[in-house]
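# Understanding the architecture of this molecule
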Amino acid sequence: MKNLNAKVIILLVITSFGLKAQETSPAVATTPLRFGLHASPNISYIQSNDPDAESSSKVKFAFGLMVEYNFAPNYSFSTGVDYIFRGGELTLPVEVSENPSVFINRTGTYQAGMVQIPLYLKMRTKEFGYMRYFAEFGGRLGFPVDQLTEFEDSSPGFEVQGDALEKNYINPIDVMFSIGLGGEYNLGGNTSLVAGLYYNRSLADNIKTSGGTLGTEKKYGYRFDYVNLKVGILF
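Remember, it's a predicted structure, so these values are computed and weren't measured experimentally.

Secondary structure assignment for the chain yields two helices and nine strands. Counting from the amino terminus, helix and strand elements in the chain follow one another as α-β-β-β-β-β-β-α-β-β-β. Looking at the chain as a whole, 37% of its 235 residues are labelled buried. Taking the contacts inside the chain whose residues are at least 6 apart along the sequence as the reference set, 71% of them involve residues at least 24 apart. Surface exposure of the chain reaches about 13,100 Å², of which carbon and sulfur atoms provide 63%.

All right, on to empty space enclosed by the protein then. Picture a little ball the size of a water molecule; that probe, rolled over the atoms, points out where space is still empty. The full count for this structure, using the stated rule, is two cavities of 30 Å³ or more. Each pocket or cavity is described by its volume, and for the largest cavity that value is around 60 Å³. As for the largest cavity, its lining consists of His38, Leu65, Met66, Ser78, Thr79, Asp82, Pro118, Tyr120, Arg140 and Lys230. Of all the secondary-structure elements, those providing two or more residues to the lining of the largest cavity are β3 (58-72), β4 (75-98) and β5 (101-124). For the lining of the largest cavity, the element with the highest residue contribution is β4, accounting for three residues. Its residues assigned to classes, the lining of the largest cavity comprises four nonpolar, three polar and three charged.

Tracing the backbone through its elements, the reader meets serine 202 in strand β8 (residues 191-202). Separated by 3.1 Å, the side chains of serine 202 and asparagine 206 make a polar contact. Within the structure, serine 202 has its side chain in polar contact with the backbone oxygen of phenylalanine 224 (distance 3.2 Å). Setting aside anything within four residues of it in sequence, one finds serine 202 in contact with Arg86, Asp174, Val175, Met176, Arg223, Phe224 and Asp225.

Leu90, Tyr110, Ile207 and Phe224 are the most contacted members of the largest nonpolar core, which totals 19 residues. At the level of secondary structure, the elements contributing two or more residues to this core comprise β4, β5 and β9 (222-234). Excluding anything up to four places from it in sequence, phenylalanine 224 contacts Tyr45, Ile46, Arg86, Gly87, Tyr110, Ala112, Met114, Ile170, Met176, Ser202, Asn206 and Ile207. Within the second largest apolar cluster, six residues are counted, among which are Tyr120, Phe134, Val194 and Tyr198.

Our focus in this paragraph is the pairing of β8. Where burial is concerned, the two faces of β8 differ: the one with Ser192, Val194, Gly196, Tyr198, Asn200 and Ser202 is buried and the one with Thr191, Leu193, Ala195, Leu197, Tyr199 and Arg201 is not. Here β8 pairs with β9 via nine bridges, running antiparallel. Along β9, the bridge assignment pairs asparagine 200 with tyrosine 226.

Turning our eyes to something else, we now look at the packing of aromatic side chains. Throughout the structure, instances matching the rule amount to nine aromatic pairs. With centroids separated by 5.2 Å and ring planes inclined at 80°, the aromatic side chains of tyrosine 83 and phenylalanine 85 adopt a geometry described as edge-to-face. Overall, the relative accessible area of 37% leaves phenylalanine 85 in the partly exposed class. Both rings, one in phenylalanine 128 and one in tyrosine 133, keep their centres 6.3 Å apart while their planes meet at 45°; by these two values the pair is tilted. Look at tyrosine 133 and you get partly exposed, because its relative accessible area is 43%. Grouping aromatic residues by their ring pairs yields a cluster made of Phe63, Tyr83 and Phe85. Sitting over the face of the ring of phenylalanine 134, lysine 122 holds its NZ or CZ atom 4.3 Å from the ring centroid.

What counts and what doesn't
Residues numbered from 1 in each chain as written. Predicted model: local features only at pLDDT ≥ 70, side-chain atom pairs only at ≥ 80, totals over all residues. Heavy atoms only, no water. Helix = DSSP H or I, 4+ residues; strand = E, 2+ residues; numbered from the N terminus. Buried < 20%, exposed > 50% of the residue type's maximum accessible area, 1.4 Å probe, protein only. Contact = heavy atoms within 4.5 Å. Areas by Shrake-Rupley, 256 points an atom, 1.4 Å probe, with all protein chains shown as cover. 1 Å grid on protein atoms, 1.4 Å probe; cavity = no way out; pocket = protein on both sides within 12 Å on 5 of 7 lines; lining within 4 Å. Points joined across faces, edges and corners; volume = space filled by probe spheres on them. Nonpolar A, V, L, I, M, F, W, Y, C, P; charged D, E, K, R; others polar. Polar contact = N/O pair within 3.5 Å; in protein donor to acceptor, adjacent residues only side chain to side chain. Core = buried A, V, L, I, M, F, W, Y, C linked by side-chain atoms within 4.5 Å. Pairing = 2+ DSSP bridges. Phe/Tyr/Trp six-rings, centres within 6.5 Å; stacked < 30°, edge-to-face > 60°. Lys NZ or Arg CZ within 6 Å of the ring centre and 35° of its normal.

Set out below in structure tokens:
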């Protein structure tokens, strides 16, 4: 009888610990399709292999919709729609007179508002308490919907004027490679706080060739690359 009572007490203790663990452990997301919102400050800069180019970075901002489709416990496809501000400053020598030949340094400040569609493969770790860590890699397809280019010359008297100021100097399609690392903090159920750091590299030129106005040449590349910190919430 004493042995039976001891076994019952041990069973009750083990059961109580199991119930306690279930109460304190975060609920694992079971919904295959999740939506969310994010905000992403970024450092945008112009990357070029032109030996005469000098560039500087700008702090920009992005926001958008996140969509994830979980096709396996630790794997998902990630997409959405973003609106991002990108650009930077680029200084190049420009020939402003042919006879005699006169060159000046011209700085172009490029600002582009783009709609981007990301497509990632997302790989997660198992849960460590309330945290999961992830890696994402894939690409982005972008389309500038708003753009502005301003010029500043090193010498007065050669300012860009007239129709040249109204031209669009940013290419209409942008294709990027992107990779990022981050973490998710479970807030309960399917809701998670998400943060990640990403490197984004354009695979095609973002600035058009215009030697007479911009100083850009076809044999070189001029890309809007950026690094961003994405913070958002998934439901």
